[in-house]
Amino acid sequence: MQKRNATAAVIGAGDYIGAEIAKKFAAEGFTVFAGRRDGAKLAPLVSDIEAGGGSIVARALDARKEGEVAAFLDDADRHAPLEVCIFNVGANVNFPILETTDRVFRKVWEMACWAGFLAGRESARLMLPRGQGNIFFTGATASLRGGSGFAAFASAKFGLRAVAQSMARELGPKNIHVAHLIIDSGVDTAWVRERREQLWGKEALNNPDLLMPPASVAASYWQLYQQPRSAWTFELEIRPFGEKW
C-alpha cells in the first residue's frame, strides 16, 4: 500500500456502505476520517482497517450539527489535506402519509438533506483555497421519484440531489469534482433483507443478483475519484444486472 499525504472523510460510516467506502480508500493509502452518530460502533471498522495496514481516525459525529461537521473536517484537513469527502448518511424510512409526523419529516430532511449541505459546504471551504478536491453524495432511487410511503425520504433525497447539482455547477470550474451516486437497488444489508422477507417471503432472498454488495458501491466511488477532470461524471446510477428498472 502506497501511503498518501491526504485524507478521505466518510460522513455516515455505517456498517455496510460507509464501512466499505472507508476500507477501500484506506486500502488505497488515504488516512480515513470516519464519522457516525454512535462512535463506539466504529470499533470493528477501525480493527479491520488497521489489521490491513491502513490508517483511520474514528469519531462520533452528529452530521446535523454545523459545529461538529466543521470540526470533524477541520481535524481531517489538519492531519493531511482533505482530498475526498463522501456524504453517506442514511435516513430511509417508510410511513403512510397520515402516519408521517412532523417530527419524522423534519428529522429525515435534517439527516438526508441539511446534513449533506453542511458536509458539502464545509469540505468546499477547505478545498477551494487549494483548487482541488472531490465531494461525493450517496443518493437513492428516491432521489428521482417518490414512492408510496416515502414522502419524507424522497423529498429529502430530491433536495440533496439539488444541493449536489448546484455545487457541481459552481465548483466544477474550480477543479472540485462533485458527484451524486444513485443506488437504484436494494443494498445487501440486514435491514433490507428483513424488509424484503417481510414483504415477499424468504424466496425474495434467493436471487443474489438483486441485492447490491456494499463493496460494489465503494468500488463505484473509487471509480469516480479516479476520473480525469476532462471527463468527470456528475451523476452515476448503479444497479445489479438483475434489477428491473
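Above this text sits the structure in question.
Just so it is clear, the structure is predicted and the values come from calculations on it, not from any experiment. (Residues numbered from 1 in each chain as written. Predicted model: local features only at pLDDT ≥ 70, side-chain atom pairs only at ≥ 80, totals over all residues. Heavy atoms only, no water.)

Which parts of the structure should I look at to understand the packing of aromatic side chains?
What describes a pair of aromatic rings is the distance from one ring centre to the other and the angle between the planes of the rings. Counted according to the given criterion, the structure contains 12 aromatic pairs. Taken together, a centroid distance of 6.4 Å and an interplanar angle of 55° make the contact between Phe-150 and Phe-153 tilted. In this structure Phe-150 comes out as partly exposed when scored by relative accessible area, which is 22%. One aromatic cluster is present, built from ring pairs that chain together Phe-25, Phe-30, Trp-222 and Tyr-225. (Phe/Tyr/Trp six-rings, centres within 6.5 Å; stacked < 30°, edge-to-face > 60°. Buried < 20%, exposed > 50% of the residue type's maximum accessible area, 1.4 Å probe, protein only.)

For this particular structure, what's the right way to read the packing of helix H4 (residues 102-127) against helix H5 (residues 151-171)?
When two helices pack together, you describe them by how their axes are tilted relative to each other and by the distance separating the axes. Where H4 contacts H5, the two axes come as close as 7 Å, and the packing angle between them is 15°. Taken together, the axes of H4 and H5 are roughly parallel relative to one another. Here H4 runs over H5; the crossing is right-handed. Facing H4, whose interface residues are Phe-105, Val-108, Trp-109, Ala-112, Cys-113, Gly-116, Phe-117, Gly-120, Arg-121 and Ala-124, H5 presents Ala-151, Ala-152, Phe-153, Ser-155, Ala-156, Gly-159, Leu-160, Val-163, Met-167 and Leu-171. Classifying every residue of the contact of H4 with H5 gives 15 nonpolar, 4 polar and 1 charged. (Axes fitted to C-alpha atoms, helices over the stretch in contact; angles between N-to-C directions. Helix = DSSP H or I, 4+ residues; strand = E, 2+ residues; numbered from the N terminus. Parallel < 35°, antiparallel > 145°, perpendicular 65-115°, else oblique. Left-handed = near helix turned anticlockwise from the far one by under 90°. Contact = heavy atoms within 4.5 Å. Nonpolar A, V, L, I, M, F, W, Y, C, P; charged D, E, K, R; others polar.)

So what exactly am I meant to see when it comes to the nonpolar core here?
One recurring pattern in soluble globular proteins is that nonpolar side chains are buried together. Phe-25, Leu-45 and Tyr-221 are the most contacted members of the largest nonpolar core, which has 33 residues in total. Secondary-structure elements contributing two or more residues to this core are strand E1 (7-11), helix H1 (17-27), strand E2 (31-36), helix H2 (43-51), strand E4 (82-87), strand E6 (176-183) and helix H7 (214-226). Excluding residues that lie within four positions of it along the chain, Tyr-221 makes contacts with Ile-21, Phe-25, Ile-86, Phe-136, Phe-137, Thr-138 and Leu-181. Core analysis: the second largest hydrophobic core is formed by 29 residues, Phe-72, Ala-115, Leu-118 and Leu-160 among them. (Core = buried A, V, L, I, M, F, W, Y, C linked by side-chain atoms within 4.5 Å.)

For this particular structure, what's the right way to read the sheet that holds strand E3 (residues 55-60)?
Strand pairing in a sheet relies on backbone hydrogen bonds. The paired strands run either parallel or antiparallel. Reading across the sheet, the 7 strands line up as E3-E2-E1-E4-E5-E6-E9 and stay open at both edges, with parallel pairing between neighbours. Strands at the two margins of the open sheet, each flanked by one partner only, are E3 and strand E9 (235-238). Averaged over all pairs of adjacent strands, the angle between strand axes in this sheet comes to 15°, irrespective of strand direction. Here 4 bridges tie E6 to E9, and the two strands are oriented parallel to one another. Paired with Ile-182 across the strands is Glu-237, a residue of E9. Relative to the sheet, H4 contacts E1, E4, strand E5 (133-140) and E6, its axis offset from that of E4 by approximately 175°. (Pairing = 2+ DSSP bridges.)

Which parts of the structure should I look at to understand the state of the cysteines?
In protein structure, a disulfide is the covalent linkage between the sulfur atoms of two cysteines. In the structure shown here, the tally under the stated rule is 0 disulfides. The cysteine Cys-85 is free of any disulfide, with Cys-113 supplying the nearest cysteine sulfur at 15 Å. (Disulfide = S-S within 2.5 Å.)

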